[in-house]
Amino acid sequence: TGEVPSSVAKFVLSLGATINMDGSAIYFPACMVFLADTSGMADEVTSGTLLTILLVSTVGAVGASPIPNAGLVMIVTIWEAVFSGIKIPNQVAYLQAIDWLLDRSVTVVNVCGDSLVTRMIAAIVADMPQGKASLLDNDSLSDGKYDQVVGAGRVEKKDNAL
């Protein structure tokens, strides 16, 4: 049915909002390559540098603040970590000008990832034996959509017949 119990959603989405930043992990390396290319430093982006950019971007995405334009701070931080000693290029102004638009795309990717993981965890928890489905005990199903946890961890839906 695609429904997720609220107890699972509250647990997974609270973690996903801070940890699962897929869009940011894609956005930061793209910005680094853009900046290096437009500033004439394309030859500086070797496979080792690109691997460092990917690693720092992934770790930085987890620690990025979920506020508008926080990505610009991370871009400068990643630039200084990867290209230490090289001043950040003036082309960062282009990113600053369109960051408000790109940030919306990053948010869409992050929210889609959080939703997908939430549904996957709900399916895993629903397949657990009843004794191990501690997230889905009868006390935590307080949103009124479900009656009780039944055998094999499945959740029995309320019959809303009139």
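Residues numbered from 1 in each chain as written. Predicted model: local features only at pLDDT ≥ 70, side-chain atom pairs only at ≥ 80, totals over all residues. Heavy atoms only, no water.

### A short note on the side chain of Gln91
Here's step 1: Along the chain, Gln91 falls in the loop between α4 (70-82) and α5 (92-126).
Here's step 2: Among the polar contacts made by the side chain of Gln91, one reaches the main-chain carbonyl oxygen of Thr38 at a distance of 3.1 Å.
Here's step 3: Residues contacting Gln91, with those up to four places away along its chain left out, are Phe34, Leu35, Thr38 and Ser39. (Helix = DSSP H or I, 4+ residues; strand = E, 2+ residues; numbered from the N terminus. Polar contact = N/O pair within 3.5 Å; in protein donor to acceptor, adjacent residues only side chain to side chain. Contact = heavy atoms within 4.5 Å.)

### As for the packing of helix α2 (residues 22-38) against helix α3 (residues 47-63)
Think of two packed helices as two axes; the pair is described by the angle between the axes and how far apart they sit.
Here's step 1: Two elements in contact, α2 and α3, have axes whose closest approach is 8 Å; the angle formed by their N-to-C orientations is 140 degrees. Comparing their axes, α3 and α2 come out oblique. By crossing handedness, the relation of α2 to α3 is classed as right-handed. Contacts between α2 and α3 involve Ser24, Ala25, Phe28, Pro29, Met32 and Val33 from the first element and Leu50, Ile53, Leu54, Ser57, Thr58 and Ala61 from the second. (Axes fitted to C-alpha atoms, helices over the stretch in contact; angles between N-to-C directions. Parallel < 35°, antiparallel > 145°, perpendicular 65-115°, else oblique. Left-handed = near helix turned anticlockwise from the far one by under 90°.)

### Topic: the packing of aromatic side chains
Here's step 1: Going through the model one piece at a time under the given rule, you end up with two aromatic pairs.
Here's step 2: Here Tyr27 and Phe28 contribute two aromatic rings whose centre-to-centre distance is 5.8 Å and whose plane-to-plane angle is 50 degrees, an arrangement assigned as tilted. Phe28 matches Tyr27 in its accessibility class, with the two residues each being buried.
Here's step 3: Pairing Trp79 with Phe83 gives two aromatic rings, centres 4.3 Å apart and planes at 40 degrees, and the pair type is tilted. Each of the two residues, Trp79 as well as Phe83, counts as buried. (Phe/Tyr/Trp six-rings, centres within 6.5 Å; stacked < 30°, edge-to-face > 60°. Buried < 20%, exposed > 50% of the residue type's maximum accessible area, 1.4 Å probe, protein only.)

### Structural notes on α2
Here's step 1: The terminal C-alpha atoms of α2 lie 25 Å apart, and with 17 residues this matches the ideal 24 Å at 1.5 Å per residue to within 8%.
Here's step 2: Taken as a whole, α2 has its buried residues at Gly23, Ser24, Tyr27, Phe28, Pro29, Cys31, Met32, Leu35 and Ala36.
Here's step 3: Buried positions along α2 lie against α3, α4 and α5.
Here's step 4: Count one or two residues on from α2 and you reach Gly40, which has phi positive near 80 degrees. (Expected span 1.5 Å × (residues − 1).)

### Here we look at the packing of α3 against α4
Here's step 1: Interaxial distance between α3 and α4 falls to 10 Å at its minimum, and their mutual angle equals 140 degrees. By the angle class used here, α3 and α4 are oblique. Considering how the two elements wind past one another, α3 and α4 form a crossing that is right-handed. Residues Thr49, Thr52, Ile53, Val56, Ser57 and Gly60 of α3 lie in contact with α4, whose contacting residues are Met74, Ile78, Ala81 and Val82.
Here's step 2: In terms of residue class, the contact of α3 with α4 is made up of six nonpolar, four polar and no charged. (Nonpolar A, V, L, I, M, F, W, Y, C, P; charged D, E, K, R; others polar.)

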